[in-house]
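# Results of the structural survey
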Amino acid sequence: MNGAFVLGGAGLWFAIVLVLLRLSRRSPALIVVASAALVYVALLVGLPAIFHRLEFWPFSAAYGFLTLCALMLFGALYKSVSLRMLGDLSKAKGHALPEQELLARYIEEDSFSRRVAILLEQGHAERTPGGLNLSSKGRRIAAGIYGLQRAFAIRASG
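Here the residue index of a chain counts from 1 through its sequence in written order. Note on the predicted model: pLDDT of at least 70 is required for a residue's local features to be given, and 80 or more for side-chain atom pairs to be given and counted; whole-chain, interface and lining totals, by contrast, use all residues. The side-chain values count all of the structure's non-hydrogen atoms but skip hydrogen atoms and water molecules.

### Section: the pattern of salt bridges
Oppositely charged side chains can form a pair if their charged atoms are brought close together. Just to be clear on terms, a salt bridge is a Lys or Arg side-chain nitrogen sitting within 4 Å of an Asp or Glu carboxyl oxygen. Going through the model one piece at a time under the given rule, you end up with two salt bridges. Between Asp 88 and Arg 105 there is a salt bridge; the shortest N-O distance is 2.7 Å. With Asp 88 in helix 4 (residues 81–91) and Arg 105 in helix 5 (residues 99–121), the pair connects residues that are 17 residues apart, well separated along the chain. In this structure, the salt-bridge partner of Glu 101 is Arg 105, at a minimum N-O distance of 2.9 Å. With Glu 101 and Arg 105 both in helix 5 and four residues apart, the pair spans about one turn of that helix. Throughout, exposure labels follow a simple rule: accessible area from a 1.4 Å probe, protein chains only, divided by the maximum for the residue type, with under 20% read as buried, over 50% as exposed, and the rest as partly exposed. A relative accessible area of 33% means that Glu 101 is categorised as partly exposed. Labels follow the DSSP assignment, with helices taken as runs of H or I lasting at least four residues and strands as runs of E lasting at least two, numbered in each case from the N terminus.

Below is the structure:
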């Protein structure tokens, strides 16, 4: 199979992602991952119509590698606090902001307040007079995560 088709498939996926990220209100992470899987399946179904024989493993390895490289880059750009701080500093007057403003924006607001809101919205925790309590849904998820952390010998995370 011609390597150009693998590159073309990855390029098709990348173009679809760029369009969907601008048009959809869904989670960007969901868009990137789901579209990679859908394009992969579409190519697996469509390429045999062009080629008499699809070399499944070389195609899958190449598409998977290119897609994972793009996913890692997307994840770094999407979630990096340092990159967001650099962006805010570059947009600020004089390219400077007080450290306390950055602390308030990225630690107190982004890191804590937004995460608490997500836990509450998703039903993973409930606000009580004593603070936050895990819901039954939250306990199930926490138990699963704790089990995975033990399996991978992760002693601390975050």
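### Quick notes on the packing of helix 4 against helix 5
Put simply, helix 4 and helix 5 touch, their axes get as near as 11 Å, and they point 140° apart. In terms of orientation, helix 4 lies oblique with respect to helix 5. Crossing hand, helix 4 versus helix 5: right-handed. Packed against helix 4, whose contacting residues are Val 81, Arg 84, Met 85, Asp 88 and Leu 89, the element helix 5 presents Leu 102, Arg 105, Tyr 106 and Asp 110 at the interface. Residues are grouped as follows: nonpolar covers Ala, Val, Leu, Ile, Met, Phe, Trp, Tyr, Cys and Pro; charged covers Asp, Glu, Lys and Arg; every other residue, Gly included, is treated as polar. In terms of residue class, the contact of helix 4 with helix 5 is built from five nonpolar, no polar and four charged. To get an axis, fit a line to the C-alpha atoms, keeping to the stretch in contact for a helix; angles then go from 0 to 180 degrees between the N-to-C directions. By the definition adopted for this analysis, an angle is roughly parallel if under 35 degrees, roughly antiparallel if over 145, roughly perpendicular if from 65 to 115, and oblique otherwise. For any helix crossing, the convention is left-handed if the near helix is rotated counterclockwise from the far helix by under a right angle, and right-handed if that rotation is clockwise. Contact definition: two residues touch when any of their heavy atoms are within 4.5 Å.

### Comments concerning helix 2 (residues 28–50)
Taking 1.5 Å of rise per residue, 23 residues should cover 33 Å, and helix 2 covers 32 Å from first to last C-alpha, within 8% of that figure. One axis fitted to the seven residues ending at a residue, another fitted to the seven starting there: the angle between these axes is the bend at that residue. The largest bend along helix 2 reaches roughly 25° and is located at Leu 44, with the proline Pro 48 sitting one to four residues downstream. Multiplying 1.5 Å by the residue count of a helix minus one yields the expected span of that helix.

### As for the pairing of strand 1 (residues 125–128)
As paired elements, strand 1 and strand 2 (residues 131–134) share four bridges and run antiparallel to each other. In the strand pairing of strand 2, Ala 125 is matched with Leu 134. The pairing criterion for strands is at least two bridges between them, as found by DSSP.

### Overview of unusual backbone geometry
The phi angle at His 95 is positive, at roughly 55°, despite the residue not being glycine. Locating His 95 in the fold gives a position in the loop between helix 4 and helix 5. Unlike most non-glycine residues, Ala 153 shows phi in positive territory, near 55°. Counting through the fold element by element, Ala 153 comes out in the segment after helix 6 (136–151).

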